[in-house]
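Structure at a glance
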Amino acid sequence: MRLTISDVRSWRTGDITTAGDAAGTAAGLLEQALDVALGSALRPTDWHGRTHDAALTRIRHEHDHANEVRNVLQQIADEAGDAGIDLGQACHVVKRAVEDAVALGCVVADDGSVTHPHAANLEMANGHQILIQEGLRAVDEVDELYGARIEDLRSDLASMIRRQPDVTVPGLGTMEPDAMVRRLQGLSVQQRRSALAGTADADLRRLVQADPETMGNLDGVPFSLRSTANEINIRNALADEIRRNGTKSERATMLRSFLEQRPAPYPGVSGAARNDPLYAETERVFISFTDADNPRLVEMVGALTPVTANATVYVPGTGTNARGYGGDNWKAAWNLADRTDGPVFIYLDGDLPQKLVDSGQVVESFGDMLNPFDGNIIETAPTTFDDTALDPHYAKEMAPRLVGFGRALDAEIAEVSPDATTTYIGHSYGGAVVAAAEAHGLRADNIIHASSAGVGVVPPSGSDPDVHRYTLTAPGDPIQMLRMFPFNPHGFSPDLVPGFENLPTGRASDGSWLLGPAAHGSYFNDPDSDAFGAIVDVITGAHQARHLHPDTSIKDVLDALARARDLATPHVGPAPPLPHDAPGTVNPPALPDIPLNLW
């Protein structure tokens, strides 16, 4: 049905959001009621025997059934909330277009046709008519889209009044949804993907509604299903947090932010114009979410579409956690997605160290770091760095899951955009995670160690022609000192490993050199900097290979570390003046015989 301008003006799209909020509230009350009932049945009392056991069995069954109903209500809440926002935006576009036409003297009919009293302005009027009628068409499409989704969910609710209907998955048979999810868990990524590819939409929804925790984190499940499941998981986690600690707790604020819409780096719909106001914002998409005080998650910034040419996985460093990553790290991912026109996956499916290395500990444990061969032989590695950036267990714990996610990403790309390349970026401690994942079999087209902690005790081979490896470290970045620690658990510096190409760091967007401690990560939020541009070129395939640095002696390493210390500690004395620009110069010239990005 083609809507009219009167329809658009009369719509109260905020009422849709209010209705969605009511569905979310009902979901929380239902869960709370069944939790109370189950808790009462489990509490030790004088009531026992066959009747008690039968009652407990029935309550457990109804508790599981109620959770499925709750999950559908949460889906309705989510779709209604998105519908209110998207319809409101679409209606605003139409009303603004009408106002613009009227301001220019046009006459706008209710069906969107536009005329002008002066014949000389008919072409201009025709242009406004096209804008207005396209806007009405878009409103109609958004209305139909969300109407169909909510109708499907209404049908799902009606079908589960007594119990959740059985589902059929080709090759696995027909069975109760929870049992089918357990069957899916026993398959490989590709087997899982193939089985779900032929499953009816209604059955796919029932699998998600039955067990969103598993379906939202199961590699091989299509990303669209995983994100839907994780919307349920996040809403359930938020409802639980509000019951426990109220609406204003720090964790409730974090979980609400996961449900908000944010600016889209590029349209998530193939063929849509980059500046189309209908696609200016999009809901956040979580490919993985495990509820905890510090949730584990993978967020996709951008969209994977049939025209996608590249996808990037970004593993951040020390101090990053679910509560705070939505700031600079999220902006870094957005900047990358915006410049590459491909999705960027922020990988936080695990805990990262929250503490940097204390300089006092370093001095106490290692003595003079710039002269480790003074005869003071250290026979065993120090143990004073637990839970800091020098603790390797975080990387070892995250690595296998990163490999699993990589296989899931490969399967998703193979189906959606088979020619897209994959790039993994490990920033700071994230470099240690990527390195450990490589040791476990991570597949990639490109790997970038950005201000990385190290590439592992056994560095990856640079002879594999299918993997292109890069390193990027600004002069004076303190990560260079960490790499030189005796017994560094993160292994070799990527700047010194054959097969890694050094990327230029060059200048920031304001023309200053990227130098010192601030250059450890500032370039990620400076998309016009040379360093950021070099990363984008690798991801998009525009990078031109440079000559790899020559082998470096231990004396070169120690001299380079001394130079890095001088640049990173201004109180030692002013750094030597930087030279004037020369053609082709992207970094200050290094000391003689020292690799470009080492010092």
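Note: the structure precedes this text.
Presented here is an overview of the structure given in this document. (Residues numbered from 1 in each chain as written. Predicted model: local features only at pLDDT ≥ 70, side-chain atom pairs only at ≥ 80, totals over all residues. Heavy atoms only, no water.)

The next subject is the overall build of the chain. Scanning the chain for helices and strands turns up 17 helices and 14 strands. For the chain, buried positions account for 49% of its 599 residues. In the chain, the share of contacts with a sequence separation of at least 24, taken over all contacts with a separation of at least 6, comes to 72%. Surface summary for the chain: the accessible area is close to 27,500 Å², and the carbon and sulfur share equals 54%. (Helix = DSSP H or I, 4+ residues; strand = E, 2+ residues; numbered from the N terminus. Buried < 20%, exposed > 50% of the residue type's maximum accessible area, 1.4 Å probe, protein only. Contact = heavy atoms within 4.5 Å. Areas by Shrake-Rupley, 256 points an atom, 1.4 Å probe, with all protein chains shown as cover.)

A few words now on the pattern of salt bridges. Once the charged atoms of two side chains with opposite charge are near each other, the side chains can pair. In the structure shown here, the tally under the stated rule is 30 salt bridges. Where aspartate 78 meets arginine 235, a salt bridge forms, and the shortest distance between an N and an O atom there is 3.2 Å. Pair noted here: aspartate 78 is in helix α3 (residues 50-103) and arginine 235 is in helix α9 (residues 223-245), with a separation of 157 residues, a long-range link. Like arginine 235, aspartate 78 is buried. Of the charged contacts in the structure, one is a salt bridge between aspartate 291 and arginine 251, with a shortest N-O distance of 2.2 Å. A residue pair is termed long-range when its members are at least 10 positions apart, and aspartate 291 in the loop between β7 (285-290) and β8 (296-301) and arginine 251 in helix α10 (residues 250-258) qualify at 40 residues. Take arginine 251: its relative accessible area is 10%, and that puts it in the buried class. When salt bridges with common partners are traced through the structure, they connect Arg296, Asp349, Asp351, Glu397 and Arg401 into a single cluster. (Salt bridge = Lys/Arg side-chain N within 4 Å of Asp/Glu carboxyl O.)

Spatially, the eight strands line up as an open sheet ordered β7-β8-β10-β9-β11-β12-β13-β14, and their pairing is mixed. In the strand order of this sheet, the two ends are held by β7 and β14 (500-502), each with one partner. For this sheet, the mean angle separating the axes of adjacent strands, direction not counted, is 20°. Alignment of strand β11 (residues 421-427) against strand β12 (residues 446-450), held across five bridges, turns out to be parallel. Considered in β12, the bridge of glycine 426 is made with histidine 449. Relative to β7, α9 is tilted by about 55°, and along the sheet it contacts β7 and β10 (344-348). (Pairing = 2+ DSSP bridges. Axes fitted to C-alpha atoms, helices over the stretch in contact; angles between N-to-C directions.)

On to the packing of α9 against α10, then. Each pair of packed helices can be summarised by the angle the axes make with each other and by the distance between the axes. Taken N-terminus to C-terminus, the directions of α9 and α10 make an angle of 155°; their axes are 9 Å apart at the nearest point. Our classification of the angle between α9 and α10 gives roughly antiparallel. Crossing of α9 over α10 shows left-handed handedness. Across from Ile234, Ala237, Leu238, Glu241 and Ile242 in α9, the residues of α10 making contact are Arg251, Ala252, Leu255, Arg256 and Phe258. Partitioning the contact of α9 with α10 into residue classes produces seven nonpolar, no polar and three charged. (Parallel < 35°, antiparallel > 145°, perpendicular 65-115°, else oblique. Left-handed = near helix turned anticlockwise from the far one by under 90°. Nonpolar A, V, L, I, M, F, W, Y, C, P; charged D, E, K, R; others polar.)

Position of serine 452 relative to the elements: it lies in the loop between β12 and β13 (468-472). Given a relative accessible area of 0%, serine 452 falls into the buried group. Within polar-contact distance, the side chain of serine 452 engages the backbone nitrogen of glycine 454 at 3.2 Å. With near-sequence residues (within four places) excluded, serine 452 lies in contact with Gly426, Ser428, Gly431, Ala432, Ile479, Arg483 and Pro494. (Polar contact = N/O pair within 3.5 Å; in protein donor to acceptor, adjacent residues only side chain to side chain.)

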